[in-house]
Structures are given as C-alpha cells and as structure tokens.
Amino acid sequence: AHDFGQHLVNTGYRFTESQGFPDIPSLGSVVAYARTRKDTGAYFPSNIIINDRGRGGSAGFLGVKYAGFHISNPQRGIQNLIGASQLSSERLTRREKLLEILNEDFFRRNNPQAYNTWKQMFESALSFMNSDRLSVFDLGLMPAKLKASFGDTRIGNAFALAYRLAEKQTPFIQINIGGWDTHNNNRAKVAEICRDLDPALATLLGELKASGLFSQTLFVLVSEFGRTPDAGGKDGRDHYPKIFSGLIGGGALVKGQVLGETDAKGEKPLKESWHLKEFLSTMHRAAGIDPEAQLTSSTGRPFSLSPRETRYISELF
C-alpha cells in the first residue's frame, strides 16, 4: 500500500519496526540536520520539497527547523512572504513587540514545549522573509535558453528550481512526481509523464556535470514500490513490491554499474538484490552520514538511523 511504501522509502523502517518511534524523521530531515551549517545566520530552508507534498518532509523528533519546506508550484516560487498592505518596518516592529507580550503571557499559562516550537517557527519565518537568497526561487531569473531546456512543464520547472537550489548548496531537495499509479491506461500515462521527465532529468544531470556540482551531489530517482510485470487486459499495472529498480549516482559513487538482475518477466531476482532499507542506508553513507549513527528521540530513547544489521550497497563505493 502507498502509506507503507512511502513510510519505508522515507525512513528505511517498516511500520512494524517503527511502532516504538511514532515520530521518525524522514531522509530529507536527517540530511538537513547533518549537513546544515550552524553559522548560517539568517534562516533558509535546508530541506525543500517541490510539487506534490507526498509523505516526505516530516522532521519528527528532529524538530520543525528541519521539516520539509513545500513549494507547490515552482513557477510561482515563494508566495505570501510580504503582506499585500506593504507595512512599514516600524509598524512591523511594533506588531512584533505586541505579539511578544501576548506570547509571554500565554507561555506562563500553557505548555512551554508547544510554545517554544511555535516561537521557533515564527522566528524562522521572519528570518526567511529577510533572506538575501530568496531570488533563487524566481525561475524568471534563469537564462531563457537554459530554462527552456528543462521544458515548460510542471516537472520541467521543478527540475529547473532544483538546479538553482543545488547551486546554492541546499542540503536536501526532493521532487515529487505523481501519476505513476497506473492501474489502468498504463502505456499512455507512463508515456505522458516520461515526455516531461526525460528532458528535465537529462538537463539537470548535464548541468550538474558541466558546473562541477555533480561531484558533490548525490542524485536518486526511486519510487515507493514497483508495478506488476504483467499489464493485464485493461493495460493496468498494480502494486508490486517484490521487484523494482532505482537510479543513484553522483558524488564519489562508482559510475556505470547495473547491480542485480531479474528473470525475463521481471517477477523475481536472479542475482543479489537489495531491500529499500539498504538502499536508504547507502544514501546516508553517500551523503557523508554514518548509517549506523544514533540519534535521541523526543522521549529520550536512542534511535538508530538504520534498522539493525542493515548493510549498504558496498559495490557503489
């Protein structure tokens, strides 16, 4: 099911393995937590999710600072940072002071943990509003020829924004692409998605290589599960978690490898295969994070990034 698959691909844990930890952080939040510099000054999101919100982005016990910042429409960029009334800085300052007075009174009478979380969100929003990096979200500032090569589509714009964010050293960028749930009309739906995805993906990887960013960027393309090998009489493919593939590269990973093999029908593995938790452990290692590292949960319990005895794909290193 989608919920189970998306939980697994974002955390490396099955639902049954994570029952004692209801607030496991997603991969993006872990990377953001590990890779965000502590001396960056003004707040800027370190975990950005483009297009559909999906199941990723939850920071869990790492805190709201590392939660996914959602860009629903990359063509529109950031909305509502400055109110329509265009308040003066003096008036904004007075309102902030009044709000602080009200909040302090609320804090004395209510849950301080909830208050501190809200205060952190508010202070981050104010800092973000005044960031000197906001222009990165404006695709209109890209060279017209480069922007066109990504494709003037929702997917193309998402990949164009991802490239601009990579140029600014954003620790984690996630693009969600829906429409793959092809229980019917599979051939036409996949062709439609790939028509937009292929040029966007090719341009992104080409620009990362040309700019030198590919050597310091981990790139991953994966779904939450595969599809049945047989399309069936209605040209539909259902959920199939037993076999599916992923694309991973960049950074210091060994290039040009195809790992694993299925039978002719794509129903079962003929050679060694890897579980999604092992794929996630590999991503941690490739991002410079020890997959065996331990964090501390919100209840004070030790939490391992990878389930016990999880290997990584050593052939990639």
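Reading the values: the criteria
Residues numbered from 1 in each chain as written. Predicted model: local features only at pLDDT ≥ 70, side-chain atom pairs only at ≥ 80, totals over all residues. Heavy atoms only, no water. Salt bridge = Lys/Arg side-chain N within 4 Å of Asp/Glu carboxyl O. Helix = DSSP H or I, 4+ residues; strand = E, 2+ residues; numbered from the N terminus. Buried < 20%, exposed > 50% of the residue type's maximum accessible area, 1.4 Å probe, protein only. Pairing = 2+ DSSP bridges. Axes fitted to C-alpha atoms, helices over the stretch in contact; angles between N-to-C directions. 1 Å grid on protein atoms, 1.4 Å probe; cavity = no way out; pocket = protein on both sides within 12 Å on 5 of 7 lines; lining within 4 Å. Points joined across faces, edges and corners; volume = space filled by probe spheres on them. Nonpolar A, V, L, I, M, F, W, Y, C, P; charged D, E, K, R; others polar. Contact = heavy atoms within 4.5 Å.

## Structural notes on the pattern of salt bridges
Link 1 in the chain: Throughout the structure, instances matching the rule amount to seven salt bridges.
Link 2 in the chain: For Arg-109, the salt bridge identified is with Asp-105, shortest N-O distance 2.8 Å. Separated by four residues within a single helix, Arg-109 and Asp-105 lie in helix α3 (residues 89-109), roughly one turn from each other.
Link 3 in the chain: Relative accessible area serves as the criterion here: at 32%, Asp-105 is assigned to the partly exposed category.
Link 4 in the chain: When the shortest N-O distance is used, the salt bridge between Glu-272 and Arg-311 registers 2.6 Å. Here Glu-272, found in the loop between β7 (247-250) and α8 (276-286), pairs with Arg-311, found in the segment after β9 (302-304); they are 39 residues apart in sequence, far enough to count as distant.

## Here's the deal with the sheet that holds strand β1 (residues 47-51)
Link 1 in the chain: Read across the sheet, three strands follow the order β2-β1-β3 without closing on themselves; strand pairing throughout is parallel. Strands at the two margins of the open sheet, each flanked by one partner only, are β2 (69-71) and β3 (172-176). Going from strand to strand, the sheet's axes swing by 20° on average, the running direction of each strand aside.
Link 2 in the chain: The pairing of β1 with β3 spans five bridges and is classified as parallel. Across the sheet, Asn-47 pairs through a bridge with Phe-172, a residue of β3.

## Quick notes on the layout of surface pockets
Link 1 in the chain: Of the voids in this model, the second largest pocket is the one considered here, and its volume is about 300 Å³.
Link 2 in the chain: Forming the boundary of the second largest pocket are 12 residues, of which Tyr-43, Val-64, Phe-69, Met-121 and Ser-124 lie nearest the centre.
Link 3 in the chain: Among the elements that make up the lining of the second largest pocket, the one with the highest residue count is helix α4 (residues 112-129) (five residues).
Link 4 in the chain: Grouping the constituent residues of the lining of the second largest pocket by class yields eight nonpolar, three polar and one charged.

## Focus on the environment of Ala-32
Link 1 in the chain: Tracing the backbone shows Ala-32 in helix α2 (residues 27-35).
Link 2 in the chain: Looking at Ala-32, the relative accessible area reads 0%, which means it is buried.
Link 3 in the chain: Linking Ala-32 and Phe-172, residues 140 residues apart in sequence, is a C-alpha distance of 6.1 Å.
Link 4 in the chain: Setting aside anything within four residues of it in sequence, one finds Ala-32 in contact with Ser-46, Asn-47, Tyr-66 and Pro-171.

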